[in-house]
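Analysis of the macromolecular model
Residues per chain are reported as follows:
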There are 2 protein chains.
Amino acid sequence: MGDACLTVSDLGELGLLDRLFRFCPGGWVGDDAAVLSMAADRQLVVTTDVLVDGVHFSDRTTAPTDVGWRAVAANLSDLAAMGAEPLGITVGLSLPPTTRVAWIEGVYAGIGQCLNAYGGQILGGDLCRSPTVTVAITALGQVQPGQALYRSRAEPGQVILATGVHGASRAGLALLLEEVAPAIGAEQQVTWIQAHCRPKPRFDAVAQLRQLLPDNCDSTPVAAMDSSDGLANAVLQICQASGVGAQLVRSHLPIPPGLIDWVGPERAVEWALYGGEDFELVLCLAPALATALLRQLEPGAAIIGTVTPSPDILLVDTAAAPGSPLSLQAGFQHF
Amino acid sequence: MGDACLTVSDLGELGLLDRLFRFCPGGWVGDDAAVLSMAADRQLVVTTDVLVDGVHFSDRTTAPTDVGWRAVAANLSDLAAMGAEPLGITVGLSLPPTTRVAWIEGVYAGIGQCLNAYGGQILGGDLCRSPTVTVAITALGQVQPGQALYRSRAEPGQVILATGVHGASRAGLALLLEEVAPAIGAEQQVTWIQAHCRPKPRFDAVAQLRQLLPDNCDSTPVAAMDSSDGLANAVLQICQASGVGAQLVRSHLPIPPGLIDWVGPERAVEWALYGGEDFELVLCLAPALATALLRQLEPGAAIIGTVTPSPDILLVDTAAAPGSPLSLQAGFQHF
């Protein structure tokens, strides 16, 4: 039997663990829990995300290395949104006995690639039998006291900045689901598929922001959230946590170049607002600070609207026109 | 429709989140990640466990509050085995849309009860759709530098101490699976069922051990592991990590009173060694220290054997008799 066909039940739990330990350097794994020292005077930051086969990924759209990368990137993106740097992750893997060992090793390879790119180590894990493949990751990070970013710091007078294009991940998913886009160049298609399969937590944007901020960002209010559940969801959550409203300008939405040509303006806006999984950061901050940050960021980042005292959250065609309300319900709902 | 019949799909994700936030006091939940300050000069300890419906629990044997309690207790037991105190947990819950909301609230109530009893708060979570109910918990704890307990500190000349009876959880499971035990008193049966449904992480035993140890336990070797995967598994893992062997004496195994009367000596020993989920601690330590600790612990704790230089791990009838080897494979295997 070729190694490619080997399943979990062929190998057994102990055999599988032996293989997976290879992906866990650093000596963290092997006790009931991992013990690690943090840098002095740091706060601990913790977040968790669960990915389920058939819901968050499938063999049809996602290679095993991409499953691993995305699971880690989704968690690291949450750390980036809090202004934290990664320490490490735990991996809880639920698997049917028929799962191919090569698939699992692919997931761990993808996990390792993402950790190598952004920092952090595998600190522990659990492996158990389940009818449904599920990847549960918890990420730990650290931040200097006073430097954590929160959703609740939005204030009227701020503008809203997105650190990159939105809708690319949704377009990539559509392409993977074999919605052919003959009018779109191959290079563009690869970019969108990469956006879906290999999202990048925006630690770089946080670092740029830090350079523009005084040492203690408590004195300069910045609200932050990642756009994992969609751009509209991020704006809505920030506004709700801050007790403010927002006005987004349709023509300022950072729609990926070429997307309107493919799917038309209406669907492009829908994917930008509600497509989800772009894993960019949505920041509310003073206009001058936003303009300075925008100059540091790569093309795609945009100032998309303003924070308002009224609680309405509207999409407008021009700042003066009446707008249509954004909806939390229109985004991805699990149930 | 009565509230008892309400399902996740009736309520929707946002409605369910609103209900679950009630179980998350402390203001940790509501950002991309939780930010918490640790006590000064502490090391961080992290562990994760995944529980799957039909594998680790089922409606037949486990009330929802017990599912929540056990999921937390399993993780806290790992922290106790490392000598750490709990900071908090994250909860990743995967659910079919048909799951009853009352069941989920029961799980969260059980989670809260266990955290109230032993310390720690809910620091975050994730909620997603899945065909299989899965509870993925990561627990964070802290420990003073130099005071963490490890598996690798067993040395020949030490004795092996179990902090309580083993096999009670397996007996409780058998009773829940409707294996009637007419000869056994109702009070005994309740004790075993409680052992299965409401296991207790042994922070108390660690505290007793600390009082007997000098300030820095690096100078007094103590190996520790919890017995979640069985007493035999714990002894085997400690020996493997320490490069030593062990001799367990059959008559010294801490079998719950009455169990031999019910299932006979052979099965009672099997359940004690391989039943699993007793969540006691298995410690290897100097004989005098073990004797002193035993005096502090409640009945059920026992010195069950000795650490040997030979790598064999044997169950013997008397210290002089030839023994039979323990097996890692005989314990609970997921695959």
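Residues numbered from 1 in each chain as written. Chains lettered and ligands numbered in written order. Predicted model: local features only at pLDDT ≥ 70, side-chain atom pairs only at ≥ 80, totals over all residues. Heavy atoms only, no water.

Thoughts on the overall build of chain A
Quick reminder of the rule: We count a stretch as a helix when DSSP gives it H or I for four or more residues in a row; a strand needs E for two or more, and each element gets its number in order from the N terminus. In this setup the radius of gyration rests on C-alpha atoms only. A globule is expected at 2.2 Å times the number of residues raised to 0.38. The contact rule is simple, with two residues in contact once any of their heavy atoms fall within 4.5 Å. Areas reported as accessible are Shrake-Rupley estimates using a 1.4 Å probe. Residue values count occlusion only from the protein chains shown. Residues scored as positive are Lys and Arg, those scored as negative are Asp and Glu, and His as well as the terminal groups of each chain are ignored. The atoms used to mark charge sites are NZ of Lys, CZ of Arg, CG of Asp and CD of Glu.
The helix and strand tally for chain A stands at nine helices and twelve strands. Computed over C-alpha atoms, the radius of gyration of chain A comes to 21 Å, within 12% of the 20 Å expected from 2.2 N^0.38 for 335 residues, which places it in the range of a compact globule. The C-alpha extent of chain A, read off along each of the three principal axes, is 70 × 55 × 35 Å. When contacts within chain A are restricted to residue pairs at least 6 apart in sequence, long-range pairs at least 24 apart make up 85% of them. Within the structure as shown, chain A displays about 12900 Å² of accessible surface, and the carbon and sulfur contribution to it stands at 52%. Distance between charge centres in chain A, computed from 17 positive and 33 negative side chains, equals 2 Å.

A few points about unusual backbone geometry
Residues and elements named next belong to chain A. So the rule is basically this: For the exposure calls, accessible area comes from a 1.4 Å probe over protein chains only, and a residue counts as buried if that area is under 20% of its type's maximum, exposed if over 50%, partly exposed in between.
Although it is not a glycine, Phe279 adopts a positive phi angle of roughly 55°. In this fold, Phe279 is placed in the loop between α8 (259-274) and β9 (281-285). Relative accessible area serves as the criterion here: at 6%, Phe279 is assigned to the buried category.

Quick look at the interface of chain A and chain B
Selection criterion: For any pair of parts, buried area is found by adding up, for both, the accessible area (1.4 Å probe) each one loses once the two are put together. Think of a salt bridge as a Lys or Arg side-chain nitrogen and an Asp or Glu carboxyl oxygen that are within 4 Å of each other. Side-chain atoms alone can form a polar contact between residues adjacent in sequence; in general such a contact is a pair of N or O atoms within 3.5 Å, and within protein one must be able to donate a hydrogen while the other accepts it. Put simply, Ala, Val, Leu, Ile, Met, Phe, Trp, Tyr, Cys and Pro go in the nonpolar bin, Asp, Glu, Lys and Arg in the charged bin, and everything else, Gly too, in the polar bin. Strand pairing is assigned whenever DSSP detects at least two bridges linking the two strands.
Contact with chain A, which involves 61 residues of that partner, is made by 61 residues of chain B. Together, Asp32(A), Arg129(A) and Phe335(A) form the three largest contributors to the area buried by chain A at its contact with chain B, with a combined 17%. Connecting chain A to chain B are four salt bridges. Arg151(B) is paired through a salt bridge with Asp31(A); the nearest N and O atoms lie 4.0 Å apart. The interface formed by chain A and chain B includes 20 residue pairs in polar contact (both at pLDDT 80 or more). The set of elements that each furnish at least two residues to the side of chain A that touches chain B consists of α1 (8-21), β1 (34-36), β2 (43-52), α2 (64-81), β3 (85-95), β4 (121-129), β5 (134-143) and β7 (223-226) of chain A. Counting residues per element, the side of chain A that touches chain B draws most heavily on β2(A), at nine residues. A per-class count over the side of chain A that touches chain B returns 34 nonpolar, 18 polar and nine charged. Across three bridges, β2(A) lies against strand β1 (residues 34-36) of chain B in antiparallel orientation.

Details of the UniProt feature "domain: PurM-like N-terminal" (unreviewed entry) in chain A
The cut-off we apply is this: UniProt positions are given in the numbering used here, feature names are shortened, and annotations may be inferred rather than shown by experiment.
The residues that UniProt annotates with the feature "domain: PurM-like N-terminal" (unreviewed entry) are residues 30-143 of chain A. Its end C-alpha atoms 27 Å apart, residues 30-143 of chain A is made of 32% helix and 38% strand.

Brief notes about the side chain of Thr163(A)
All names here are of chain A. Its location among the elements puts Thr163 in the loop between β6 (159-162) and α4 (168-176). Of the polar contacts made by the side chain of Thr163, one reaches the backbone nitrogen of Leu281; its length is 2.9 Å. With near-sequence residues (within four places) excluded, Thr163 lies in contact with Arg202, Ala205, Glu280, Leu281, Leu283, Leu297 and Ala301.

Brief notes about the UniProt feature "binding site: Mg(2+) 5" (unreviewed entry) in chain A
Residues and elements named next belong to chain A. Listed under "binding site: Mg(2+) 5" (unreviewed entry) in the UniProt record, and renumbered for this structure, are Asp229. Within the secondary structure, Asp229 sits in the loop between β7 and α7 (231-242). The exposure class of Asp229 is partly exposed, given its relative accessible area of 39%.

Let's talk about the packing of α4(A) against helix α5 (residues 186-197) of chain A
Residue and element names in this part refer to chain A. The test is simple: To obtain an axis, a line is fitted to C-alpha atoms, over the contacting stretch when the element is a helix, and the angle between two such axes runs from 0 to 180 degrees between their N-to-C directions. When describing relative orientation, an angle under 35 degrees is termed roughly parallel and one over 145 degrees roughly antiparallel, while 65 to 115 degrees is termed roughly perpendicular and anything else oblique.
Between α4 and α5, whose axes approach to 7 Å, the crossing angle comes to 105°. With respect to α5, the axis of α4 lies roughly perpendicular. On α5, the residues touching Ala168, Ser169, Ala171, Gly172, Leu173, Leu175 and Leu176 of α4 are Gln189, Trp192, Ile193, Ala195, His196 and Cys197. For the contact of α4 with α5, a count of residues per class yields nine nonpolar, four polar and no charged.

Overview of the domain arrangement of chain A
Residue and element names in this part refer to chain A. Filter applied, for reference: Residue ranges assigned to each domain were obtained from an automatic or database domain assignment.
When cut into domains, chain A gives domain 1 (3-143) and domain 2 (151-325). With centres defined by C-alpha atoms, the gap from domain 1 to domain 2 works out at 28 Å. Contacts between domain 1 and domain 2 engage 21 residues on the former and 20 residues on the latter. Both sides of the domain 1 and domain 2 interface together cover about 1800 Å² of buried area, and 56% of this is carbon and sulfur. A per-residue breakdown of the area domain 1 buries against domain 2 is headed by Thr61, Arg70 and Tyr118, which together make up 32% of the total. Here domain 1 and domain 2 share two salt bridges between them. Here Glu277 makes a salt bridge to Arg70, at a shortest N to O gap of 2.6 Å.

What about the packing of helix α6 (residues 203-212) of chain A against helix α9 (residues 287-296) of chain A?
Residues and elements named next belong to chain A. To be explicit about the condition: Here is the rule for handedness: rotate from the far helix to the near one, and if that takes an anticlockwise turn smaller than a right angle the crossing is left-handed, while a clockwise turn gives right-handed.
Contact pair α6 / α9: the axes reach a minimum separation of 10 Å and the direction vectors enclose 130°. Here α6 is positioned oblique relative to α9, judged by the angle of their axes. When the axes of α6 and α9 are compared, the crossing they make is right-handed. Within the contact between the two elements, α6 uses Ala205, Gln208, Leu209 and Leu212 and α9 uses Leu289, Ala292, Leu293 and Gln296.

Quick look at the pattern of salt bridges
This structure, assessed with the given rule, holds 16 salt bridges over all chains. Arg151(B) is the salt-bridge partner of Asp32(A), the closest N and O atoms lying 3.6 Å from each other. Placement of Asp32(A) in the loop between α1 and β1 and of Arg151(B) in the loop between β5 (134-143) and β6 (159-162) is noted, with the two residues assigned to different chains. Across the pair, Arg151(B) and Asp32(A) agree in class, each one buried. A single salt-bridge network, built from bridges that share partners, covers Asp31(A), Asp32(A) and Arg151(B).

Describing the pairing of strand β4 (residues 121-129) of chain B
Residue and element names in this part refer to chain B. The condition is simple: A clockwise path from the first strand over the helix to the second, with the strands pointing away from the viewer, defines a right-handed crossover.
One ladder, built from eight bridges, connects strand β3 (residues 85-95) with β4; its direction is parallel. When the sheet's bridge partners are listed, Ser94 is paired in β4 with Cys128. Taking the sense of rotation as the criterion, the β-α-β connection linking β3, helix α3 (residues 101-118) and β4 turns out right-handed.

Structural notes on the relation of the copies chain A and chain B
This is how the line gets drawn: The least-squares superposition of copies is restricted to C-alpha atoms, and to residues with a pLDDT of at least 70 in both copies.
Between chain A and chain B, the superposition needs a rotation of 180° and an axial shift of 0.0 Å, giving an RMSD of 0.0 Å. Look at the turn and shift together and you get a two-fold axis relating the two. A share of 100% of interface residues in chain A that are also interface residues in chain B marks the association as one of identical surfaces.

A word on helix α5 (residues 186-197) of chain B
Residues and elements named next belong to chain B. Rules: Expected helix span is given by 1.5 Å per residue-to-residue step, counting one fewer step than there are residues. Summarising the geometry, the arc corresponds to the directions from the helix axis toward the C-beta atoms.
Taking 1.5 Å per residue as the helical rise, α5 with its twelve residues ought to reach 16 Å, and the 16 Å between its terminal C-alpha atoms agrees with that figure. Of all the residues in α5, the buried ones are Trp192, His196 and Cys197. In an axial view of α5, the angular spread of the buried residues amounts to 130°, which keeps them on one side of the axis. Residues of α5 that are buried sit in contact with α2 (64-81), α4 (168-176) and α8 (259-274).

Some details on α8(B)
Since the α-helix packs 3.6 residues into each turn, any two residues three or four apart lie on the same face. Residues and elements named next belong to chain B. The line we're drawing: Two axes enter the bend calculation: one fitted to the seven residues ending at the residue in question, the other to the seven starting there, and the bend is the angle between them.
Between its terminal C-alpha atoms α8 stretches only 15 Å, short of the 22 Å expected from 16 residues at 1.5 Å a residue. Where α8 bends most, the angle comes to about 100°, and this point is Pro265. Among the residues of α8, those classed as buried are Leu259, Trp262, Val263, Gly264, Ala268, Val269, Trp271, Ala272, Leu273 and Tyr274. On its buried face, α8 is in contact with α4, α5, α7 (231-242), β8 (245-249) and β11 (313-316). Residue Gly276 follows α8 closely and has a positive phi angle near 80°.

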